[in-house]
Each structure stands twice: as C-alpha cells, then as structure tokens.
Amino acid sequence: MEEELRVRLNEHQVSKVFPVKPKSTAKPVSESETPESRYWSSFKPHSVPNLVSSVSALAFSPVHPHSLAVAHSASVSLFSSLSLSSSRRFSFRDVVSSVCFRSDGALFAACDLSGTVQVFDIKERMALRTLRSHTAPVRFVKYPFQDKLHLLSGGDDGVVKYWDVAGSTVVSDLLGHKDYVRCGDCSPVSDSMFITGSYDHTVKVWDARVDKSKCIAEINHGLPVEDVVYLPSGGMIATAGGNSVKVWDLIGGGKMVCSMESHNKTVTSLCVGRMDSAETRLVSVALDGYMKVFDYGRAKVTYSMRFPAPLMSLCLSPDGSTRVIGASNGMVFAGKKKKKLSRDAGEKKSLSLWSVRGQVDETRRRALRPTYFRYFQRGQSEKPSKEDYLVKEKKGLKLTRHDKLLKKFRHKEALVSVLEEKKPANVVAVMEELVARRKLMKCVSNMEESELGMLLGFLQRYCTVQRYSGFLMGLTMKVLETRAEDIKGKNEFKGLLRNLKREVNQEIRIQQSLLEIQGVLAPLMRIAGRS
C-alpha cells in the first residue's frame, strides 16, 4: 500500500500555480499628533546635577524670574529658573518634607521631620522664624495665596495648624483628622480657605474665619490621600490617593466630577499646568515612573510620559516655561520650553542681522580670544598693561577621603578612614562632626574588632594630651562601657588596656603633684600680694 501511494503521489503533477498572499494583520491606528502632545513634548530636557537622596518637594517662586526650590535630604537648594544652576543652599536638622514660597517671592517656608517649620529669606542663610508646636514630623507647609502674615502646616500628629508668622504663635489648631495629615493647599480665590488630605481617606475643607476650629466640608477619597490641589476656579479640587486621581466639585456639595485610574502605582504629586491656549491641565506623577496629563473637562488622559525612576514630586513654573520632576533616587528631570518670538520682534531681529557688520560694538571688537589672529600676534608671554584687569583662577578645594565619605553620610567608613591616616587633629575633627550628627556612638557600636583596636590605640596615645583630653577622656569612658563585652575576653586588647591604664594613672599622678604645688604657691602669692 505504501508503494502504491508513493507512485500515485509522484505521478500527480501540479497543473497551475497560484500566488498566495499573506494574511492581513490588524495594524494599530496611530493617531495624528495633536496640539496638546506637541506642547508637552516641546519641553526639551535640561541637565540638572543629581542630588544625594529623594527629592521630596519642589516649588517655584510666584514672581519673576521664578526661582526653583528643591527639597532633598536635610537641605533646600535654590536654583535659577533660567539656567537651572544651584545658587544657594539651606540646611535643616532633619529630612525636609515640604517647601513653599510667599506670594511676593521674598521668603520661603519649609518643614522637616523633626517637627519644626522654618521661614527663610532667599538672600540670607539664617532662619527668620522657627515655629515649634507639632509633636510629630511635619509633612506640608503652605502660604495662603496673597496673605503674607500666616502659614498653614500639618503633620503626623493629625493636627492642622494655622500660624501667625510674625509672632511665631499658633492662631488655631484645626482638629478632625484621625490619621497622618500628609498634604494641603490654599484656595486661589480666598486667603482664609484651605483643604487638607490625610491617611484617614478624607479631605477636609477649612475656613479660618469659622470659630471652634471645625471643618466646613468633608470628602471621602476612599484611599489614603497623598496630595490635594485647588483648581484655578477655586470651586473644584483634585485629590490623589492610591493609583487614582479624582476631581471634586465643592460648590456642588462635594460631588465627584470624574476619576482617573491610569497609573499602576501610588500617585505621589499633583500640579496644575497652563498651556499656550490658556487651557489648564491636571498633571500627576506616580511611583510607576509615569507623568500623566489629565483634561478634567473631558475626563480624558491627553498625554503620558515615562521616566526611568519612581517619581516623588512635580512642579510647573507660573509662566509655563519650565517643568521639573523629582525622583526617588535623587535625579531631577527638568525640561525647558523655548519662548516664541512675536512677529515684530522677529522683524527687528532680521533687520539687526543685516546691519550687524556696520554696527559692531566697540568693546566686542576689542575682545581678545585664543581663536583670534590678534591673540597669536600678541603672544602668550606678553605682560599685562596697567589698564588690564587680572582674573585669577580659583583653585578647587581638594577633599580628603573622609570628607567625601561624610558628604555621602557613610559615617563609620569616614571614622575608620581618618583613623588610618594617624593625624590626631583630623580624627578629633571628624569625631566632633559625628557628635554633631549624633552618629558617633552608633559608629563605635558597629565597629569590627580590628577597627575597634585602631580606635583604642588612638585613645591610648592621645587621651592625656592637653589639647584633646577634654573630649577624648569622656569618649574613652563611653567606648569602654558600650564595648565592654567585646573587649574583656580578647588577648589583642589586653596590651592596649594596660597601656591605657598606665597613661591614665600617670596623668592622675601629674595632676595630684600639680595640685600640691598649687597648694604651696597659693599662700605665698597671697603674702606677696599683701606686701
């Protein structure tokens, strides 16, 4: 049977060949580029130096040139909005959680996890006011829209405080939240109206003019609230919690207008941006690394952009020229938009291009640069004349290894590194810095045996030196108390302890002999003084 089938198959010949077309597959319909996508993609990336830790908050000054405040770790850095270069830095005791400018841009307020709120002048490094009343970390601080004399703050103690900044006193404690208060915003139409969001899933509306410190309205978001923001009309607000962003109508009795759930992880920050067409959009960022632009009028996501890190904070400049996003790894994703020239300005610019050769500035003509022929004619060895102004190059300060480690908050490695250098002045300086940071005893308790031996050897050699004895004697006692169990049974520490004991006993004998000499000299000095 098999042979017959093979013969039949071989005898069969194909009479005609028909070309077979591949099956048509469904192609994705690519939407044409919209004006909105062109607007948001026109922000060109701008390089900003990476910061040490997570960027917890961002804020633009409301007045030109719109300086940028970036809260990261235990400091706030001020950046120029034009060049995005750092101009000033302010230090705090603990991690900064929020920052906000006053309406005139002359002051800014910031709060940290130590429970304090501080007010700074942007031209000075010292705090003008330090407000202490919270019993837990403060999570947000806001200036009212046009009010320059009051502040609003809230924290993990569940209390919202309305401050009189000039007197550094609390005007009223707003009670009602049952969990951590994490965010808040002030109304753009009234200086006495504001909203706060909490981990108890609620958003409360407050009026500073109402007695008894009770909220005038309450909204249930359904999830722990991470951020809230007023929309420009003042009658609507947006809330972020979980992976959802919701828009509410306050004038309509707190009714939900729309909800957006396009993020995959927790939404961390909200911001309102104004487009070239004067339309406003709600912009959100989340831990999934996405920035979403939401048209709350049509309840539709109109633009989306992905970044290579979880996003923590977002801010848009009032003039719409700069967009800044802070990430959890310390990266700052900044984008600047080119300003369009008006028609008259373009004509003037074209005219100036034609007449540039005839109207060259005299100072520019005299400028001497290394690429000019006159520079080589002059020669590099020519001495400056009396009219020349000499500019000396600043030599960069070279940091030692322990200084670099301290800047990176690697405290134990910095202490071990400076002990290996065997320079007592540097070692004592690093120890005093660790005491200021409250990390010295933690470093001592985490030291290994070899590192502990280095520390004991240093203390044995320099604890009786007059220059360092006031600091090192107390440190020696604490080291022996905290690491007593590790030191007792080790043979390598016996010699160090014996030498340390001998040095201390010798110092005690010297002090006793000095006291005896002082006792002999004191009566003689009194007699000499009488005569």
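Residues numbered from 1 in each chain as written. Predicted model: local features only at pLDDT ≥ 70, side-chain atom pairs only at ≥ 80, totals over all residues. Heavy atoms only, no water.

A. Representation of the nonpolar core within the structure. Counting residues in each nonpolar core, the largest one holds 29 residues, and the members touching the most others are Leu415, Met431, Leu455, Phe458, Leu472 and Val479. Mapped onto this core, the elements with two or more residues apiece are α6 (401–407), α7 (411–421), α8 (424–436), α9 (440–445), α10 (449–462) and α11 (469–482). Counting 18 residues, the second largest nonpolar core, distinct from the first, contains Tyr39, Met291, Leu314 and Leu316. (Core = buried A, V, L, I, M, F, W, Y, C linked by side-chain atoms within 4.5 Å. Buried < 20%, exposed > 50% of the residue type's maximum accessible area, 1.4 Å probe, protein only. Helix = DSSP H or I, 4+ residues; strand = E, 2+ residues; numbered from the N terminus.)

B. Geometry of the environment of Ser42. Mapped onto the elements, Ser42 comes out in the loop between α2 (35–41) and β1 (44–46). Ser42 gets classed as buried once you look at its relative accessible area, which sits at 18%. With residues near it in sequence (within four places) discarded, Ser42 still touches Lys336 and Lys337. (Contact = heavy atoms within 4.5 Å.)

C. Structural context of α7. Along α7, the residues classified as buried are His411, Ala414, Leu415, Val416, Ser417, Val418 and Leu419. Buried residues belonging to α7 abut α6, α8, α9 and α10. Where α7 ends, the next residue or the one after it, Lys422, has phi of about 60 degrees, a positive value.

D. Spatial organisation of α11. With 14 residues, α11 ought to run about 20 Å at 1.5 Å a step, and its terminal C-alpha atoms sit 20 Å apart, in line with that. Among all positions of α11, only Leu472, Leu475, Thr476 and Val479 are buried. The arc enclosing the buried residues of α11, seen along the axis, measures out at 110 degrees, which places them on a common side. Of the residues in α11, the exposed ones pointing more than 90 degrees away from the buried face are Gly470 and Glu481. Its buried side turned inward, α11 meets α8, α9, α10 and α13 (494–530). (Expected span 1.5 Å × (residues − 1). Arc of directions from axis to C-beta.)

E. Here's a closer look at the UniProt feature "repeat: WD" (unreviewed entry) in the protein chain. In the numbering used here, UniProt assigns the feature "repeat: WD" (unreviewed entry) to residues 131–173 and 174–207. Summarising residues 174–207: 0% helix, 56% strand, and an end-to-end C-alpha distance of 10 Å. (UniProt positions renumbered as here; feature names shortened; annotations may be inferred.)

F. A look at the sheet that holds strand β4 (residues 75–79). Taken in spatial order, the 4 strands make up an open sheet running β2-β3-β4-β5, and their pairing is antiparallel. The open sheet has two free edges, formed respectively by β2 (55–60) and β5 (86–91), since each of these has just one partner strand. When strand polarity is set aside, the average angle formed by the axes of neighbouring strands in this sheet is 20 degrees. (Pairing = 2+ DSSP bridges. Axes fitted to C-alpha atoms, helices over the stretch in contact; angles between N-to-C directions.)

G. Local environment of the pairing of strand β3 (residues 68–72). Most of β3 is tucked away, with 5 of its 5 residues classed as buried. Burial of the side chains of β3 extends over both faces: Leu68, Val70 and His72 are buried on one face and Ala69 and Ala71 on the other. Note that β2 and β3 share 5 bridges and pair antiparallel. The residue of β3 that forms the bridge with Val55 is His72. Two strands pair when backbone bridges link them, and β3 and β4 are joined in this way by 5 bridges, in the antiparallel orientation. When the sheet's bridge partners are listed, His72 is paired in β4 with Ser75. Hairpin connection, β3 to β4: the antiparallel pair is bridged by 2 residues, and Ser73 has positive phi, about 55 degrees.

H. Layout of the pattern of salt bridges. Under the counting rule described, the total for this entry stands at 14 salt bridges. Its salt-bridge partner being Asp173, residue Lys161 comes within 2.9 Å of it at the nearest N-O pair. Within this pair, whereas Lys161 is found in strand β12 (residues 160–164), its partner Asp173 is found in strand β13 (residues 169–174), the two being separated by 12 residues in sequence. Taking relative accessible area as the criterion, Asp173 reaches 33% and is therefore assigned partly exposed. (Salt bridge = Lys/Arg side-chain N within 4 Å of Asp/Glu carboxyl O.)

I. The packing of aromatic side chains, seen in detail. This structure, assessed with the given rule, holds 13 aromatic pairs. With 6.0 Å between their ring centres and 55 degrees between their planes, Phe101 and Phe108 make a pair best called tilted. Phe108 sits in the buried class, given a relative accessible area of 0%. The interplanar angle of 40 degrees and the centroid separation of 6.3 Å between the aromatic rings of Tyr180 and Tyr199 together place this pair among those described as tilted. In this pair, Tyr180 sits in the loop between β13 and β14 (181–186) while Tyr199 sits in the loop between β15 (193–198) and β16 (202–207), placing the two residues 19 residues apart along the sequence. Relative accessible area serves as the criterion here: at 37%, Tyr180 is assigned to the partly exposed category. By relative accessible area, which is 23% here, Tyr199 ends up partly exposed. Among the aromatic residues, those joined into a cluster by ring pairs are Phe90, Phe92, Phe101, Phe108 and Phe120. One Lys or Arg, Lys292, reaches over the ring of Tyr290 and ends 4.7 Å from the middle of that ring. Sitting over the ring of Phe43, Lys337 keeps its end group 5.8 Å from the ring centre. (Phe/Tyr/Trp six-rings, centres within 6.5 Å; stacked < 30°, edge-to-face > 60°. Lys NZ or Arg CZ within 6 Å of the ring centre and 35° of its normal.)

J. The arrangement of the environment of Glu421 in detail. Position of Glu421 relative to the elements: it lies in helix α7. When its relative accessible area of 29% is taken as the criterion, Glu421 is described as partly exposed. Sequence spacing of Glu421 and His402 is 19 residues, and the spatial spacing of their C-alpha atoms is 9.7 Å. Apart from the residues lying within four places of it in its own chain, the contact partners of Glu421 are His402 and Asn426.

K. Seen up close, the sheet that holds strand β19 (residues 236–241). Spatial strand order, β18-β19-β20-β21: 4 strands in an open sheet with antiparallel pairing. Each of the sheet's edge strands pairs with one partner strand only, and the pair in question is β18 (225–230) and β21 (255–260). Going across the sheet, the axis of each strand differs from the next one's by a mean of 20 degrees, ignoring polarity.

L. Layout of unusual backbone geometry. Cis geometry marks the peptide bond from His64 to Pro65; its omega dihedral reads 10 degrees. The topology assignment puts Pro65 in the loop between β2 and β3. In this model, Ala299 sits at a positive phi of 55 degrees, which is unusual for a non-glycine residue. Counting through the fold element by element, Ala299 comes out in the loop between β24 (290–295) and β25 (300–306). Although it is not a glycine, Arg438 sits at a positive phi angle of roughly 60 degrees.

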